[in-house]
Amino acid sequence: MGTSREGVNPKLATIQALLAKAEDSATPEAEAELARTRAMEMMAKYGVDEALLSDGQPSRDAIVTRNVDLPNPWSMPRARLMYFIAEAVGCQPIHIGARGAGTRRVQIVGYESDVQRAEILYASLLLQMFNGLNAQAVPYGVRSARAWRNSWQVGFIVRVTDRLKATEEAARAAAGAEMSAAGRSGELVLADRDAMVQAAFKVENPSVRTQRGSYSGNGYGAGVAAGNRADIGGTRRIGATTAGALSA
């Protein structure tokens, strides 16, 4: 993957600076929204550009396997957020499970540029999620405050990652007619990358069971609303869905 002499890709550095501005409590909300919007537009475009530039150059953006350990508190919501972000940006994740002391591990298989994108987005959206959660007052009469807060986080994750997927899909669709460095169409390059990631994932995890969960509770709806407000740069407003699968 292309980097500067210091080893930091300048496009990613710009995106991280925009996200940092958006997360700063001293930034006026209007400026924060503009920063988030620009950051996510750049992030989606960066993913497509890396794919086209790396076509025919396997060493430039190789497939990697990354193990990400997510600690308590709230290790399971952290794992869900990491899983769905990685999936949205073209990686193949798997939830390995508990690793001791409440820590959970998510393994991510994908092109290095996409894994990096997932990690940057995770850091930003995790902060947004926890800031939003800390601002919540658990409604009177709720039997379990912890269960309510958990369902709030699930609602946030589902909504915000659905919107992230829409942004990524729009960037991929726009690149369909572009040409790669090797002279192939963007549509073909992106399809080949998807197939290569799936093949590498199967080598790493030849036997995988898939679970599909459903989530409910008053907190879920509040979390969905917060996820809708978390501006990740997309202009489409899409309907909330049930949470997807975490592979066990």
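Here is a short report on the structure shown in this document. Keep in mind it's a predicted model, so treat the numbers as computed, not measured.

Details of the overall build of the protein chain
Piece 1. If you tally the helices and strands in the protein chain, you get 7 helices and 5 strands.
Piece 2. Every one of the 248 residues in the protein chain was classed for burial, and the buried ones make up 48%.
Piece 3. The long-range fraction of contacts in the protein chain, counting pairs at least 24 apart against all pairs at least 6 apart in sequence, stands at 76%.
Piece 4. For the protein chain, the accessible area works out to roughly 12000 Å², and carbon and sulfur atoms hold 51% of it.

A short note on the nonpolar core
Piece 1. In terms of nonpolar packing, the biggest core is built from 43 residues, with Ile 15, Leu 81, Ile 85, Ile 108 and Met 129 touching the most fellow members.
Piece 2. Contributions of two or more residues to this core are made by helix H1 (10-23), helix H2 (29-54), strand E1 (63-70), helix H3 (75-88), strand E3 (104-111), helix H4 (112-134) and helix H5 (145-174).

Here we look at the pairing of E3
Piece 1. With respect to burial, E3 is a largely interior element, 7 of its 8 residues being buried.
Piece 2. Here E1 pairs with E3 via 8 bridges, running antiparallel. In the strand pairing of E3, Arg 66 is matched with Ile 108.
Piece 3. Pairing between strand E2 (residues 92-98) and E3: 6 bridges, direction antiparallel. Note that in E3 the partner of Gln 92 across the bridge is Val 109.
Piece 4. Joining the antiparallel neighbours E2 and E3 is a turn of 5 residues, in which Gly 100 adopts a positive phi near 105 degrees.

As for the pattern of salt bridges
Piece 1. Following the criterion strictly, the structure yields 14 salt bridges and no others.
Piece 2. Between Glu 87 and Lys 165 there is a salt bridge whose closest N-O contact spans 3.8 Å. Here the residue Glu 87 occupies a position in helix H3, and Lys 165 occupies one in helix H5, the gap between them amounting to 78 residues.
Piece 3. The exposure class of Lys 165 is partly exposed, given its relative accessible area of 26%.
Piece 4. A salt bridge links Arg 117 to Glu 168; the shortest N-O distance between them is 2.8 Å. Here Glu 168 lies in helix H5 and Arg 117 lies in helix H4, a separation of 51 residues in the sequence.
Piece 5. For Arg 117, a relative accessible area of 2% puts it in the buried group.

A word on unusual backbone geometry
The phi angle of most residues is negative, glycine excepted, and most peptide bonds adopt the trans form.
Piece 1. Cis geometry is adopted by the peptide bond preceding Pro 73, which originates at Asn 72 and carries an omega value of 5 degrees.
Piece 2. Here Pro 73 lies in the loop between E1 and H3.
Piece 3. At Trp 74, a residue that is not glycine, the phi angle is positive and equals roughly 60 degrees.
Piece 4. Position of Trp 74 relative to the elements: it lies in the loop between E1 and H3.
Piece 5. Accessibility expressed as a relative area gives 14% for Trp 74, which makes it buried.

Describing H3
Piece 1. The end-to-end C-alpha distance of H3, which contains 14 residues, comes to 20 Å, matching closely the 20 Å that a straight helix rising 1.5 Å per residue would cover.
Piece 2. Across the 14 residues that make up H3, a large majority, 12, are buried.
Piece 3. Taken as a whole, H3 has its buried residues at Ser 75, Pro 77, Arg 78, Ala 79, Arg 80, Leu 81, Met 82, Tyr 83, Phe 84, Ile 85, Ala 86 and Ala 88.
Piece 4. Immediately beyond the C-terminal end of H3, within one or two residues, lies Gly 90, with a positive phi of roughly 100 degrees.

Quick notes on the packing of H2 against H5
Piece 1. The N-to-C vectors of H2 and H5 enclose an angle of 50 degrees; their axes lie 9 Å apart at closest approach. Classified by the interaxial angle, the pair formed by H2 and H5 is oblique. As for the relative orientation of H2 and H5, their crossing is right-handed in sense. Contacts between H2 and H5 involve Met 40, Ala 44 and Val 48 from the first element and Thr 167, Glu 168, Ala 171 and Arg 172 from the second.
Piece 2. For the contact of H2 with H5, the residue count by class is 4 nonpolar, 1 polar and 2 charged.

Definitions and cut-offs
Residues numbered from 1 in each chain as written. Predicted model: local features only at pLDDT ≥ 70, side-chain atom pairs only at ≥ 80, totals over all residues. Heavy atoms only, no water. Helix = DSSP H or I, 4+ residues; strand = E, 2+ residues; numbered from the N terminus. Buried < 20%, exposed > 50% of the residue type's maximum accessible area, 1.4 Å probe, protein only. Contact = heavy atoms within 4.5 Å. Areas by Shrake-Rupley, 256 points an atom, 1.4 Å probe, with all protein chains shown as cover. Core = buried A, V, L, I, M, F, W, Y, C linked by side-chain atoms within 4.5 Å. Pairing = 2+ DSSP bridges. Salt bridge = Lys/Arg side-chain N within 4 Å of Asp/Glu carboxyl O. Expected span 1.5 Å × (residues − 1). Axes fitted to C-alpha atoms, helices over the stretch in contact; angles between N-to-C directions. Parallel < 35°, antiparallel > 145°, perpendicular 65-115°, else oblique. Left-handed = near helix turned anticlockwise from the far one by under 90°. Nonpolar A, V, L, I, M, F, W, Y, C, P; charged D, E, K, R; others polar.

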